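# Reading the structure
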Amino acid sequence: MHDNVSLVASWYNVRYAISTWLGQRADSDDLVFIFFSSHGGGCDTLGNMCWGREDYDGDEPLKDYWNGTAFVGVDECVCLQIHQMHMEPWEYEEEDFEKYWDDELSEDLLNVSYARLVCAFATCKTENSTSAPSCFGGGFWSDLSAQNRIIIASCREKENSVCLPTGSNYTDYWGVVWYQSLGCFSKPFLDCLSPFSQEFMEADVNQDGIVSMKEAFDYGLSNDPYYPEDEHPILEDTPNELLSDGALSWLTCLDGWSQPSMIPPDISDDGYVNGKDAVLLGISFGTGNGEQQYNPDADINKDDFINAEDAVILGNNFGEGLDDSQRTMKLDNPPKTEYSTMLKVQPNENTFYTTNTDVGDTFNVSIIVENVSSLYGWEMTLEWNHDLINCTGEIVNYDFWAYYSGPWVANPIENSIGRYHQSLTAREPVQSFNGTTWLVNLTFQIIQAPPEGGTLSTGLAITATIGADYCLFDASSSEISHDFINGHYSYISPRYMRGDLHSVNGLQAYKLDANQSDISRVSSVTDYACNTVYWGVRVWKRSAEGVETEITSGTPVAQVNRSVDNSLLDQTNVHVPRRMAKDNCIFQMGHNNLQQPHRKLYPNI
C-alpha cells in the first residue's frame, strides 16, 4: 500500500490514490470497487445551495437553483474531512472540508482500467466513529455512468441521507445495512464481515452462496426504515450494450473467485426476467417441495415453497436481462402470414382533424388477441412518438383468467420515451384461455398540433420484449406464434379545394390549400330517373415529367351521395398516402364514375 493511500483523505491524496495509484495497478480484467464515506455537497429540493457549486462546464441539468439571473446546474461533491478531527458531526462547517467534485472524480476514473467498476456513496462513518448525512450522492451517477459501471448511492441527487442519533454516534441506516450485506464478501476491497453472518444469509435471496451488488442493494433498501418516505437510494448500471437495467448488478459481486452466473428470478434460465418466468412461477404457485407441480427454479428464495415471496422477488426484478437491441419486430402494419393468431391495435387507424379535434383531446385504443389457443400469459410493449401523444391511462383485462399474477410492471407508462410495457400471467389452478379477448385498453392525449395544412403522424407499434419474439405464452412458457397488426395515429390540418388556378409539373389546375377561397366551383347533376347520385374523389400522383400514376386503385374515395330532392351541402375527408419526393397529387372530383370531373392540384409539401 502506498503512503498516499493510507494517509489522511485529503483532496490531493484521494485524487492521487484513484488516478495514479489505482490507475497504475488496475487492468482490464479487474473489478474495481470505490467506497466513499463522508458528507456531501449539492443542491436541495428547495433550490438551496448546500455546499455544492454552479456547474461550470454545462454537463449538469438544471436543478432549480437560481443564481440571480437564471436557473443553473449544480455540481455535487464528496466532502473530505481534514480539519478538526474530533468535533461532533453537527459542529462541522463548510470550511472544515476539502471538496472532491463529481467532474474531478469522472476525470480521475479515465486513468483506471477495469472489467467492471463499482462506485458506492453510502455510509458516512468519520474518523471519530461518528456519522453524518451522506447528502446528494445520487447526483454522481449522471457524471460517472458509463459502460460496465455500477453507481450506488444512499439518496437521490437532491436529498439528504437520513441519520438517527444514537448517543454520541449517528447511523446512516441504509448505508450501514448495505455495507453489512456487501462487506460480508468484499475482503479484497473493504474490511468486511464474515460470509457466514446472518446479514449475508438474508441478503443472498437465491441461496447461491454469493451476494451480488443487486442483492446487497435490495437488502439495504428493504431494511431502511426511512425508505421510501424520507430517502430513496439509487442503483444505476444501465449504459451497457448487452445488459439491461439491473442485470450487471445481479452478475457482479466482490468475491473474485466466484461470480453469479444467472439472474435468480430468471426461472427459464435464458438470460431474461420476463413473462416466461412469470408463467413458470404461476403454473407452480402454491406448491411445496415434493409436490408434482413444484419447480425448484421457481422457488427463488429457496424456502421449499413457491408463494408470494417468490412473486415479489420476480416482480422487483422484472425486465432485467440481456438487451435484444437488434429486434426487427417493430413493423408498421406487417403483412399477414400463415399464423391464425393475431395481436393487434384496435382501432387500427386513429385519424383526427383540427376542424373537430383539439390539442388536449383524448382517444382510446385496445390491444386485442384474436383466435388464440392455450394462452397462459402475455407481455408486450407499445411504442409511439412521444412528441405527438402521451398515454394517460391503462385498464388491464383481468376477467378471462379466474386466477392471475401481475400486472408485473409497476410503472408501465413511459411518456418520456413513448413506450408502454406490461405483462399479466395466469396462476394455478386456472385453465388456459382460448378464443378472442382484449388484453388492455389505453387512453392517449394529443399534445401537439400539426402545422397549417400539414399532418403529424406516428405508429402505434406492438413489439415483443427482451428474450422473446412473440408476446403470448402457453403454460410451459413457450411462445405462441402470432401476427402483429400495429396501429397508426394521424392529426391533420385539412386542405381545401379552392376555386383559383395555378400550374405545377406542367398541369394547370385548381388549388388545394390550407385556407378556403371566396371563389367556388359547383359539381351538380339532375337525374330524372330518380336514381341516387354518388360523388367521389380519385387521386393521382404527377411527376415533374408529367407522368400520372393513380394511387386510389381506380375506386373513388371520400364518397357522398344524394337522392331525389336532396341538394344539401356535405363534406368528407381524404387521407392522402405519403408520396415520392418531387411528385404532386391530383384530386379529380366528379359524380357517377367521374364523368364530369373538376381537377384540383395538391402541391407537394
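Residues numbered from 1 in each chain as written. Predicted model: local features only at pLDDT ≥ 70, side-chain atom pairs only at ≥ 80, totals over all residues. Heavy atoms only, no water.

## Describing unusual backbone geometry
That bond from Q346 to P347 is cis: its omega, 0°, falls within 30 degrees of zero. Looking at where P347 falls in the secondary structure, it is placed in the loop between β14 (342–346) and β15 (349–353). The step from G406 to P407 runs through a cis peptide bond, and the omega angle for that step is 5°. Locating P407 in the fold gives a position in the loop between β19 (404–405) and β20 (413–414). (Helix = DSSP H or I, 4+ residues; strand = E, 2+ residues; numbered from the N terminus.)

## Observations regarding the environment of V8
Along the chain, V8 turns up in the loop between α1 (3–6) and α2 (11–25). It is 9.2 Å that separates the C-alpha atoms of V8 and L80, two residues lying 72 residues apart in sequence.

## What to know about the confidence of the model for the chain
Per-chain confidence: the chain averages 77 in pLDDT, with 74% of residues scoring 70 or above. Confidence drops under a pLDDT of 50 for residues 123–133, and excluding neighbours within four residues, the segment shows 43 contacts in the predicted structure. Throughout residues 165–170 the model reports pLDDT below 50, and contacts reaching past four residues in sequence, or to other chains, amount to 13 contacts. (pLDDT = per-residue confidence, 0-100. Contact = heavy atoms within 4.5 Å.)

## Examining helix α9 (residues 275–283)
The buried fraction of α9 is high, at nine of nine residues. Among the residues making up α9, those that are buried are G275, K276, D277, A278, V279, L280, L281, G282 and I283. Sitting at the amino-terminal end of α9 is N274, which places a side-chain oxygen 3.1 Å from the backbone nitrogen of K276. (Buried < 20%, exposed > 50% of the residue type's maximum accessible area, 1.4 Å probe, protein only. Polar contact = N/O pair within 3.5 Å; in protein donor to acceptor, adjacent residues only side chain to side chain.)

## Remarks on the pairing of strand β28 (residues 496–504)
Of the strand pairs in this sheet, β28 and strand β29 (residues 507–513) are connected by six bridges, and their pairing is antiparallel. The residue bridging S503 from the neighbouring strand is Q508, located in β29. Hairpin connection from β28 to β29: two residues lie between these consecutive antiparallel strands, with N505 at a positive phi of about 55°. (Pairing = 2+ DSSP bridges.)

## Quick word on the pattern of salt bridges
By the definition in use, this model includes 11 salt bridges. A salt bridge links R15 to E107; the shortest N-O distance between them is 4.0 Å. Taken as a pair, R15 in helix α2 and E107 in helix α3 (residues 102–109) lie far apart in primary sequence, 92 residues in all. According to the relative accessible area criterion, E107 is partly exposed, its value standing at 48%. Of the charged contacts, one joins R53 and D103 as a salt bridge, the two residues approaching to 3.9 Å between their closest N and O atoms. (Salt bridge = Lys/Arg side-chain N within 4 Å of Asp/Glu carboxyl O.)

## Some remarks on the sheet that holds strand β13 (residues 234–236)
Read across the sheet, four strands follow the order β1-β9-β10-β13 without closing on themselves; strand pairing throughout is mixed. Only two strands of the sheet have a single neighbouring strand rather than two, namely β1 (31–36) and β13. Within the sheet, the average angular offset between the axes of one strand and its neighbour, ignoring direction, is 10°. Running at roughly 165° to β13, helix α7 (residues 213–222) makes contact with β9 (116–121), β10 (149–153) and β13 of the sheet. (Axes fitted to C-alpha atoms, helices over the stretch in contact; angles between N-to-C directions.)

## A few points about the nonpolar core
In this structure, L375, W378, L382, W401, F444, I462 and L472 are the most contacted members of the largest nonpolar core, which totals 45 residues. Ignoring anything within four residues of it in the chain, the contact list for L472 reads T341, L343, V369, V372, L375, G377, W378, L439, S478, E479, I480 and H482. I34, L105, Y114 and F121 belong to the second largest nonpolar core, which has 24 residues in total. (Core = buried A, V, L, I, M, F, W, Y, C linked by side-chain atoms within 4.5 Å.)

## Some points on the sheet that holds strand β22 (residues 433–446)
As summarised here, the arrangement of the five strands in space is β18-β22-β16-β14-β26, forming an open sheet in which the pairing is mixed. Strands with a single pairing partner mark the edges of an open sheet, and in this sheet they are β18 (389–396) and β26 (483–485). Within this sheet the neighbouring strands show an average axis-to-axis angle of 20°, counted without direction. Pairing between β14 and strand β16 (residues 362–375): five bridges, direction antiparallel. Residue pairing for β16: M342 is matched across the bridge by E370.

## As for the packing of α9 against helix α10 (residues 308–316)
Contact geometry for α9 and α10: axes closest at 11 Å, N-to-C directions at 175°. Classified by the angle their axes make, α9 and α10 are roughly antiparallel. Together, D277, A278 and L281 of α9 and D310, A311 and L314 of α10 make up the contact between the two elements. By residue class, the composition of the contact of α9 with α10 is four nonpolar, no polar and two charged. (Parallel < 35°, antiparallel > 145°, perpendicular 65-115°, else oblique. Nonpolar A, V, L, I, M, F, W, Y, C, P; charged D, E, K, R; others polar.)

## A short note on the packing of aromatic side chains
Each aromatic ring pair is specified by the distance between its two centres and by the angle formed by the two planes. Inspection of every chain in the model, using the stated rule, returns 13 aromatic pairs. Look at F363 and Y489: their rings are 5.4 Å apart centre to centre, the planes differ by 5°, and that puts the pair in the stacked class. Of the two residues, F363 is situated in strand β16 and Y489 in strand β27 (residues 487–492); the sequence distance between them amounts to 126 residues. Accessibility classification places F363 together with Y489 in one group, the buried group. (Phe/Tyr/Trp six-rings, centres within 6.5 Å; stacked < 30°, edge-to-face > 60°.)

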